[in-house]
Amino acid sequence: MDTPGIELVAEEAAHAGAKRLVIVTSPGKESVVDYFRPAPQLEETLERKGKLELLEKVRRGPTLLDVEVAIQHEALGLGHAVQQAEPNLADDDQAVAVLLPDDLVLPVGVLERMSEVRSRHGGSVLCAFDIPKEQISPYGVFDVTDTADADVKRVHGMVEKPKPEEAPSTYAAAGRYLLDRAIFDALRRIKPGAGGELQLTDAVALLIEEGHPVHIVVHRGGRHDLGNPGGFLRAAVDFALDHPDYGPSLRAWLAERIENQSR
């Protein structure tokens, strides 16, 4: 609605304890980082005009994280995109969280849970949703075994877009990964797939083969896919309905609109 999706993702990472955000983007789009930099002139104008709520909103982004940019010169898959961030890591960074900003996982908090699981089990931790079997085909699906925690599973493999009857489970990957730094070595050793793309799931699969512990946290909340117009619109409506200023009138308008359409 009135907040960029990437700010929501940055806020999610900050709440989980992250200090730096590396935005991987294509050439010519580096200006996205400017959103997270202070805007003194705009702030001064808003303060002078007494628009304090807007002023607070403008100041929020730059306070969340230290933001950097890494350029992906060719779109060669998610694994390749993650690879571009390696030079931004400090020597003592032992893990990296990968958050896909077109996938809003709600309510915020799954990354904190994933961090807790990594502190107990080590290795890498991924987020998953429990999807009805008949709807599982569009997803990457995990082959898992149970742990003492019903919502934490040990991963033994992953199948991309299986037929429902061939799916190893009903746990499907979401756009949240907490990856051990070993992922970068694995990305260097996997072979590109179709279109020369490096798939992050192939690198995770290699780590699993080599005994690296990988777990999933099953998230019982909701999500919004901002990667297509329909999903983006649903997210905007969802957030707007919860807004104290816009929600009541939007709800009334939607009810009237739907009633008129059904006549």
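Residues numbered from 1 in each chain as written. Predicted model: local features only at pLDDT ≥ 70, side-chain atom pairs only at ≥ 80, totals over all residues. Heavy atoms only, no water.

- The name that an unreviewed UniProt entry assigns to the protein is UTP--glucose-1-phosphate uridylyltransferase, with the source organism given as Amycolatopsis taiwanensis.
- As its UniProt record puts it under Sequence similarities (unreviewed entry), the protein is described as follows: "Belongs to the UDPGP type 2 family." (UniProt positions renumbered as here; feature names shortened; annotations may be inferred.)

**With respect to the overall build of the protein**
Inference 1: Helix and strand content of the protein: nine helices and ten strands.
Inference 2: Scaling as 2.2 N^0.38, a compact globule of 263 residues should have a C-alpha radius of gyration of about 18 Å, and the protein matches this with 20 Å.
Inference 3: Judged by the C-alpha coordinates and their principal axes, the protein covers about 60 × 55 × 40 Å.
Inference 4: Relative to its full complement of 263 residues, the protein shows a buried share of 38%.
Inference 5: The long-range fraction of contacts in the protein, counting pairs at least 24 apart against all pairs at least 6 apart in sequence, stands at 73%.
Inference 6: Taken as a whole, the protein presents about 14,600 Å² of accessible surface, with 52% of it coming from carbon and sulfur.
Inference 7: Put simply, the protein has 29 plus and 43 minus side-chain charges, and the middle of one group is 2 Å from the middle of the other. (Helix = DSSP H or I, 4+ residues; strand = E, 2+ residues; numbered from the N terminus. Rg over C-alpha atoms; globule rule 2.2 N^0.38 Å. Buried < 20%, exposed > 50% of the residue type's maximum accessible area, 1.4 Å probe, protein only. Contact = heavy atoms within 4.5 Å. Areas by Shrake-Rupley, 256 points an atom, 1.4 Å probe, with all protein chains shown as cover. Lys, Arg positive; Asp, Glu negative; His and termini not counted. Charge placed at Lys NZ, Arg CZ, Asp CG, Glu CD.)

**A short note on helix H3 (residues 52–64)**
Inference 1: The end-to-end C-alpha distance of H3, which contains 13 residues, comes to 19 Å, matching closely the 18 Å that a straight helix rising 1.5 Å per residue would cover.
Inference 2: Those residues of H3 that fall on the buried side of the exposure criterion are Leu55, Gly61, Pro62 and Leu64.
Inference 3: Tucked into the core, H3 has its buried residues touching helix H1 (5–15) and helix H2 (40–48). (Expected span 1.5 Å × (residues − 1).)

**A closer look at the UniProt feature "domain: Nucleotidyl transferase" (unreviewed entry) in the protein**
Inference 1: The UniProt feature table records "domain: Nucleotidyl transferase" (unreviewed entry) at residues 6–238.
Inference 2: Helix makes up 33% of residues 6–238 and strand 27%, and the two end C-alpha atoms of the span are 17 Å apart.

**Notes on the nonpolar core**
Inference 1: Ranked by internal contacts, the top residues of the largest apolar core, which has 31 residues, are Leu21, Leu65, Val67 and Met114.
Inference 2: Counting residues per element, this core draws most heavily on helix H5 (residues 110–121), at four residues.
Inference 3: By size, the runner-up hydrophobic cluster in this structure holds 28 residues, among which are Val96, Tyr177, Leu200 and Ala203. (Core = buried A, V, L, I, M, F, W, Y, C linked by side-chain atoms within 4.5 Å.)

**Considerations on the packing of helix H6 (residues 182–189) against helix H7 (residues 200–209)**
Inference 1: Closest axis-to-axis distance for the H6/H7 pair is 9 Å, and the angle between their directions is 110°. With respect to their mutual orientation, H6 and H7 come out roughly perpendicular. Contacts from Ala182, Ile183, Ala186, Leu187 and Arg189 of H6 reach H7 at Leu200, Ala203, Val204, Leu206 and Leu207.
Inference 2: Partitioned by chemical class, the residues of the contact of H6 with H7 number nine nonpolar, no polar and one charged. (Axes fitted to C-alpha atoms, helices over the stretch in contact; angles between N-to-C directions. Parallel < 35°, antiparallel > 145°, perpendicular 65-115°, else oblique. Nonpolar A, V, L, I, M, F, W, Y, C, P; charged D, E, K, R; others polar.)

**Details of helix H8 (residues 229–241)**
Inference 1: The first and last C-alpha atoms of H8 sit 18 Å apart over 13 residues, in line with the 18 Å expected at 1.5 Å per residue.
Inference 2: Gly231, Ala235, Ala236 and Ala240 are the residues of H8 that are buried. Buried residues along H8 cover an arc of 165° about the axis, so they all sit on one side. The outward face of H8, more than 90 degrees from its buried face, is lined by the exposed residues Leu233 and Arg234.
Inference 3: In this structure, the buried side of H8 is in contact with strand E10 (222–225) and helix H9 (247–262). (Arc of directions from axis to C-beta.)

**Things to note about the packing of aromatic side chains**
Inference 1: Within the structure shown, the criterion is met by one aromatic pair.
Inference 2: When the ring of Tyr35 is compared with that of Phe36, the centres are 5.4 Å apart and the planes differ by 85°; the resulting orientation is edge-to-face.
Inference 3: For Arg223, the ring lying beneath its charged end belongs to Phe129, and the centroid distance is 4.7 Å. (Phe/Tyr/Trp six-rings, centres within 6.5 Å; stacked < 30°, edge-to-face > 60°. Lys NZ or Arg CZ within 6 Å of the ring centre and 35° of its normal.)

**Some thoughts on the packing of H2 against H3**
For any two helices packed against each other, one specifies the crossing angle of their axes together with the interaxial distance.
Inference 1: Contact geometry for H2 and H3: axes closest at 8 Å, N-to-C directions at 160°. Considered as vectors, H2 and H3 are oriented roughly antiparallel to each other. Here H2 runs over H3; the crossing is left-handed. Here H2 contributes Leu42, Glu43, Leu46 and Glu47 to the contact with H3, which in turn contributes Leu54, Leu55, Val58 and Arg59.
Inference 2: Across the contact of H2 with H3, the residue classes tally to five nonpolar, no polar and three charged. (Left-handed = near helix turned anticlockwise from the far one by under 90°.)

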